[in-house]
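Take a look at the letters that make up each chain.
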Amino acid sequence: MRVLVTGGAGFIGSHLADALVAARHAVTVVDDLSTGRREFVPGGAEFIEADIGTLKFADITQRVAPEVLYHLAAQTSVSESARNPCGDAEMNICGSLNVLMAAQRAGVKRFINVSSGAVYSPDAPLPCREPAALAPLSPYGVAKLAVEHYCQYFARFRGVPTVSLRLGNVYGPRQNPLGEAGVIAIFLQRMLSGEPVEVHGSGAQAKDYIYVSDVVDAFLRLLEVELPDAENLTDRCFNIGTGKPRSVNEIFAVLSDITNYRLAPVAGPARPADQKLVTLDCSRAQKKLGWKPEVGWEDGLHQTHEWFAANRGIFTA
Ligand SMILES: NC(=O)c1ccc[n+]([C@@H]2O[C@H](COP(=O)([O-])OP(=O)(O)OC[C@H]3O[C@@H](n4cnc5c(N)ncnc54)[C@H](O)[C@@H]3O)[C@@H](O)[C@H]2O)c1
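These numbers were taken from a predicted model, which means no experiment stands behind them.

What counts and how
- Residues numbered from 1 in each chain as written.
- Predicted model: local features only at pLDDT ≥ 70, side-chain atom pairs only at ≥ 80, totals over all residues.
- Domains from an automatic or database assignment.
- Helix = DSSP H or I, 4+ residues; strand = E, 2+ residues; numbered from the N terminus.
- Nonpolar A, V, L, I, M, F, W, Y, C, P; charged D, E, K, R; others polar.
- Expected span 1.5 Å × (residues − 1).
- Buried ≥ 20, exposed ≤ 12 C-beta atoms within 10 Å, placed from the backbone.
- Arc of directions from axis to C-beta.
- Contact = placed C-beta atoms within 7 Å.
- Axes fitted to C-alpha atoms, helices over the stretch in contact; angles between N-to-C directions.
- Parallel < 35°, antiparallel > 145°, perpendicular 65-115°, else oblique.
- Left-handed = near helix turned anticlockwise from the far one by under 90°.

### Section: the domain arrangement of the protein chain
One frequent convention defines the size of an interface as the accessible area lost when the parts assemble.
In step 1: Entries for the protein chain in the domain assignment read domain 1 (2-170 + 210-240) and domain 2 (173-208 + 243-310).
In step 2: Inter-centroid distance (C-alpha atoms) of domain 1 to domain 2 is 22 Å.
In step 3: Elements with a minimum of two residues in the side of domain 1 that touches domain 2: helix H1 (11-22), helix H3 (78-83), strand S9 (206-211), helix H7 (212-221) and strand S10 (237-240).
In step 4: The greatest single-element share of the side of domain 1 that touches domain 2, amounting to five residues, is contributed by H7.
In step 5: Across the side of domain 1 that touches domain 2, the residue classes tally to 16 nonpolar, eleven polar and six charged.

### Remarks on helix H8 (residues 248-259)
In step 1: Here H8 is twelve residues long and its end C-alpha atoms lie 16 Å apart, about the 16 Å a rise of 1.5 Å per residue gives.
In step 2: Every buried residue of H8 is accounted for by Val-248, Ile-251 and Leu-255. Projected down its long axis, H8 shows its buried positions confined to an angular sector of 55 degrees, all on one face.
In step 3: Of the surrounding secondary structure, the elements contacted by the buried residues of H8 are helix H6 (183-192), strand S8 (198-200), strand S11 (245-247) and helix H10 (297-310).

### Describing the packing of H8 against H10
In step 1: Two numbers describe how H8 lies on H10: the axes approach to 11 Å, and their chain directions differ by 50 degrees. If you check the angle between H8 and H10, you find them oblique. Between H8 and H10 lies a crossing of right-handed hand. Only Leu-301, His-302 and His-305 of H10 make contact with H8, whose side of the interface consists of Val-254, Leu-255, Ile-258 and Thr-259.
In step 2: Grouping the amino acids of the contact of H8 with H10 by side-chain chemistry returns four nonpolar, three polar and no charged.

This is the structure in structure tokens:
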């Protein structure tokens, strides 16, 4: 199949591009390299440096004529979205709309949108099921939810077969440790270089961490599966996580052991737009996609550690 991946030079997108190339699909990656890295794009994929929010992106999509479009390019920092909601919306809402319009013009047969567990209400019963209350706390989550609505609109009224994956907190090799998101990558980078590690708030805040290869597995399953009608917003949304909460304190303890880190954590301020606890019920993905997470927590952390230890210095400020 001809497949276009936006954000395919980034953390998750580059693992997806690897898997698509390995499965012998014809892959084009479009990325502006704002946080992504050219060397993460597999050799077997075409790479085009471009901004998804531009006319050039529509031209590229027209020329590539993908059958499937995976949309991952995004401003991914929750804190940045709180500092600059306008810039976040321009990128994550208007940019995504540009991608949806281009996909429609190119006649894609499947549009796979990447959303987030950040769309759920903090009051939703845990683990969150897809039809649970939606009330994002951050502009990042608001934008992700808006794009899910646009996806449903494009599915119902403009003939674009869209589907959204609501990811938990993804971790694994290649995650950028220099931003404010990606606690596992940040801790590993700092622990491996013997630097102080800051824990925000009490450290009891817990999220649903999912290893990147499990996320890629879910993405690939969406190539084949039949989609239900898009009557309601959540009919075509799938949670992708483990359902198990892991606190920041727990992550600090396990990674300290793995890396032989001996310093105590440094207390930092709590983050206001951060949900305290999110876990995702993934029984819908299990039932409809035959998907379940395969990589255990300790295994995932060890594999991530091995990659960061072998690639020291790859990420520098
Ligand atoms: N990492 C997570 O825990 C997580 C959780 C839920 C959802 N997501 C979503 O998954 C997707 C991928 O996230 P990631 O963690 O791999 O982050 P990432 O920053 O590594 O990847 C994003 C990619 O998009 C590219 N990009 C940004 N703006 C662009 C633009 N205007 N035009 C073209 N390319 C642009 C960046 O260069 C980067 O390569 C995002 O949509 C993110 O919101 C990530």
